Every structure is written in structure tokens, then in C-alpha cells.
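Commentary on secondary and tertiary structure
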Amino acid sequence: MKPTVFVARRIPDAGLKIIEPVCEMQVWENSLPPPYENLTARVKGVDGILSLLTDRIDGALMDAAGAQLKIISQYAVGYDNIDVAAARERGIAIGHTPGVLTEATADLAFALLMAAARRIQEGVEYIRAGHWKTWEPTTLLGADITGATLGIVGLGRIGKAVARRAGGFDMRILAHSPSATAETAAEAGVTLVDLDRLLRESDFVSLHVPLNARTRHLINRDTLRKMKPTAILINTTRGPVVDQQALYDALSSGVIGAAALDVTDPEPMSPDDPLLRLPNALIVPHVGSATIKTRDRMAVMAAENLVAGVTGKPLPHPVPSK
Ligand code: DGY
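Residues numbered from 1 in each chain as written. Predicted model: local features only at pLDDT ≥ 70, side-chain atom pairs only at ≥ 80, totals over all residues. Heavy atoms only, no water.

**Quick look at the pattern of salt bridges**
- Overall, the coordinates contain 17 salt bridges when judged by the stated rule.
- For the salt bridge of E103 with R165, the shortest nitrogen-to-oxygen distance reads 2.8 Å. You can see E103 sitting in helix 5 (residues 102–117) and its partner R165 sitting in helix 7 (residues 157–167), a full 62 residues away along the chain.
- Look at R165 and you get buried, because its relative accessible area is 19%.
- Salt-bridge contacts for E122 lead to R119; the nearest nitrogen and oxygen are separated by 2.9 Å.
- Classification of R119 by relative accessible area gives partly exposed; the value is 27%.
- One connected set of salt bridges, linked through shared partners, spans E103, D107, R164 and R165. (Salt bridge = Lys/Arg side-chain N within 4 Å of Asp/Glu carboxyl O. Helix = DSSP H or I, 4+ residues; strand = E, 2+ residues; numbered from the N terminus. Buried < 20%, exposed > 50% of the residue type's maximum accessible area, 1.4 Å probe, protein only.)

So, in C-alpha cells, the structure goes:
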């Protein structure tokens, strides 16, 4: 008998093709995530779950699935939606998709940095509103990127990939990353500093830490006040790393210059959210890894993890044991 798996959303075919020959597969076909109650009902009796970052996978859900559940395979690098401790207690393996989305996410972080620095969104709106009457010496003046100081918070794969891009713009690069060694920093071409110094000296601050109890609201009223009044904050990691009310207040009162966000708290952001009305906030809907090739590669990795887990093999891409 084939192992049974529940796939919590239709992922690219590149992944489904790997799962289908090995498993009895059920896919949640709706474009919106399964509500928690439906997910709980659908995972009952399965050997494996392929989850997305929108699915809350907690101990109760694992228990509802049953003792035969062997693997939770996350279609993302981040897995803050999964109760890792609960899975470990129950002997359930957890896989994720590191590495393959590094470059796409770093590209988006840099695209946001550049768009916010050069006020691209405001420029588009300026034309649409009929304000473009002539070339003018002081219209839509932005911030220089070349030669500016970039502060990278979290020097993991994506943080380093952002540093590589910043090197091409002759930026001075500071990084804060408690686990980084002097050797890693030298290889990445960054200077390791404490968070306060990074916030004080950076023209751009880009966040690349995972969401956990230590990083929730790392950027808050106090830390925002340490930044330059012209500073631009870029967030492509998880929304709750930033206290969004504090960010709104900082942006609307000139505490910092601008913010460019790929992630918000909550997601999805309501179209009525006041942040969307601020000219100095640029917000896109969590699309850091959204390229065709990247999403295909993520599907393959998640499928490989799922198949390995249900067939009792070691996962090719397990979440780190910490
Ligand atoms: C991730 O992988 O964690 C991203 O947020 C979505 O690709």
C-alpha cells in the first residue's frame, strides 16, 4: 500500500510529479489556504503533510493526524508556522527548502531597496495623477545608493547574497549576526557590529533574521528611534520582526525616511491598512521567492523531503536541529 499524504495547496507540477508515483496524494485545490479545522480533518490518518507558511501546524494538528504521521514538509525556507518542539516530541521529521530561494529573495530585497531609495512608486503615482508638467530640478529627489551604508541584520544565506549585491554598488556594509564569525564576515565583505551601531550608521537596514521569540518586534519604537531620520528599512523576512504600529508612527512622523516591505503583520494586509496610504511605504505581497524557476525548485525540494519522510529515509533538506 502506498503511503498517504496531504498537500495543503497546489504546488508546481515539478513537485507533484515526484510525489504522485510514490504516494496516495490529496491536494487542497482551493487558492486560499485550508482553514485550520479543515486542515485538521484532512490530515487525519496521513503519513505526510506538505505545508505552506500559511498553515498553522501545531501539536493538536499533529495529534489529529495520528501517530502514523512521519513528516511535515514545508514549502518554504521559513517554518515559524510549525511547532518544531511538538514535532520533535512526537518523532515527526520536518523538512524545508533552504538555498534555492536565496538569490530570488536577495534580488527582491535589492529591488525594494532601490525602488524606495529612488521613489519609484511615488514617480508612477505622480504621472498617473497628472502632476508631470515639465522636467524640474527638485522633483522626487531620492537617496544615493552607491557609496551609502547598508546594515544587514542576519548574515545567513540571504543576508550574504544581499551583501554580494551591495558590493556591486560600492556600499559600505555593516552586519549584525550573533552567530557570524570574523571569517564569515570577511568572506562576505562586511563589518560585524552590534545592532545599535548598525542602526545608528546605516542608510539602509535590511532584515534577514528568521522569526522566533528573540526576533519578534526586533524593530520596535526604541530601535526605530536609533535609526537615521533618512534611513530606509527593508523587510523580506517575516512581518512580525517589525512592530508595524511603531513603523507606521515612525514613517508618518519622520523618525525614519521610508520602508519597503515584502512581508507584513498580519498577512494578507488589509487594503484599508493605513500604511498603504503613506507615500514613504512601499509594500508588495510576500513575493520574495516568486520566480518561476525558484518556485519549481522549492516544489522539487519539498516533494523530495516528503517522499523521503514517508518512505523512512533521511530527509535531504531537514530543518536544522537547534
Ligand atoms: C520562505 O520560503 O520562507 C519565504 O517566505 C516564501 O518563499
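**Re the site of the ligand**
- All residues adjacent to the ligand are L53, A76, V77, G78, L101, R238, H286, S289 and M298.
- Broken down by class, the residue content of the shell around the ligand amounts to five nonpolar, three polar and one charged. (Near = heavy atom within 4 Å. Nonpolar A, V, L, I, M, F, W, Y, C, P; charged D, E, K, R; others polar.)

**Digging into the domain arrangement of the protein**
- Segmentation of the protein into domains returns domain 1 (4–100 + 293–310) and domain 2 (102–283).
- Each of domain 1 and domain 2 has a C-alpha centre, and the two are 32 Å apart.
- Listed per partner, the contact involves seven residues of domain 1 and five residues of domain 2.
- In this assembly, domain 1 packs against domain 2 so that about 540 Å² is buried in total across both faces, 47% of it on carbon and sulfur atoms.
- The largest contributions to the domain 1 side of the interface with domain 2 come from L53, D80 and G99, which together make up 61% of the buried area. (Domains from an automatic or database assignment. Contact = heavy atoms within 4.5 Å. Buried area = accessible area lost by both parts, 1.4 Å probe.)

**Some remarks on the packing of aromatic side chains**
- Inspection of the entire model under this criterion finds one aromatic pair.
- Its guanidinium or amino end placed over the ring of Y36, R56 lies 4.0 Å from that ring's centre, counting from NZ or CZ. (Phe/Tyr/Trp six-rings, centres within 6.5 Å; stacked < 30°, edge-to-face > 60°. Lys NZ or Arg CZ within 6 Å of the ring centre and 35° of its normal.)

**Some words on the nonpolar core**
- Counting 53 residues, the largest nonpolar core has I19, L50, M171 and F204 as its most contacted members.
- It is helix 5 that provides the largest number of residues to this core, a total of nine residues.
- For this core, the domains that each give at least three residues are domain 1 (4–100 + 293–310) and domain 2 (102–283).
- Each residue touching F204, except ones within four places of it in the same chain, is listed here: L113, A117, D144, I145, A148, T149, L150, G151, M171, I232 and I234.
- Counting 30 residues, the second largest nonpolar core, distinct from the first, contains V153, L207, L211 and A281. (Core = buried A, V, L, I, M, F, W, Y, C linked by side-chain atoms within 4.5 Å.)

**Regarding the sheet that holds strand 8 (residues 191–192)**
- Spatial strand order, 8-7-6-9-10-11-12: seven strands in an open sheet with parallel pairing. If you trace the sheet from one side to the other, it starts and ends with strand 8 and strand 12 (281–283), each paired once.
- Examined bridge by bridge, strand 6 (residues 149–153) and strand 9 (residues 204–207) share four bridges and lie parallel to one another. Within strand 9, the residue paired with I152 across the bridge is S206.
- With respect to the sheet, helix 5 is in contact with strand 6, strand 9, strand 10 (232–235), strand 11 (258–261) and strand 12, its orientation differing from that of strand 10 by roughly 155°.
- In the packing of helix 7 onto the sheet, contacts are made with strand 6 and strand 7 (172–176), and the angle to strand 6 comes to roughly 170°. (Pairing = 2+ DSSP bridges. Axes fitted to C-alpha atoms, helices over the stretch in contact; angles between N-to-C directions.)

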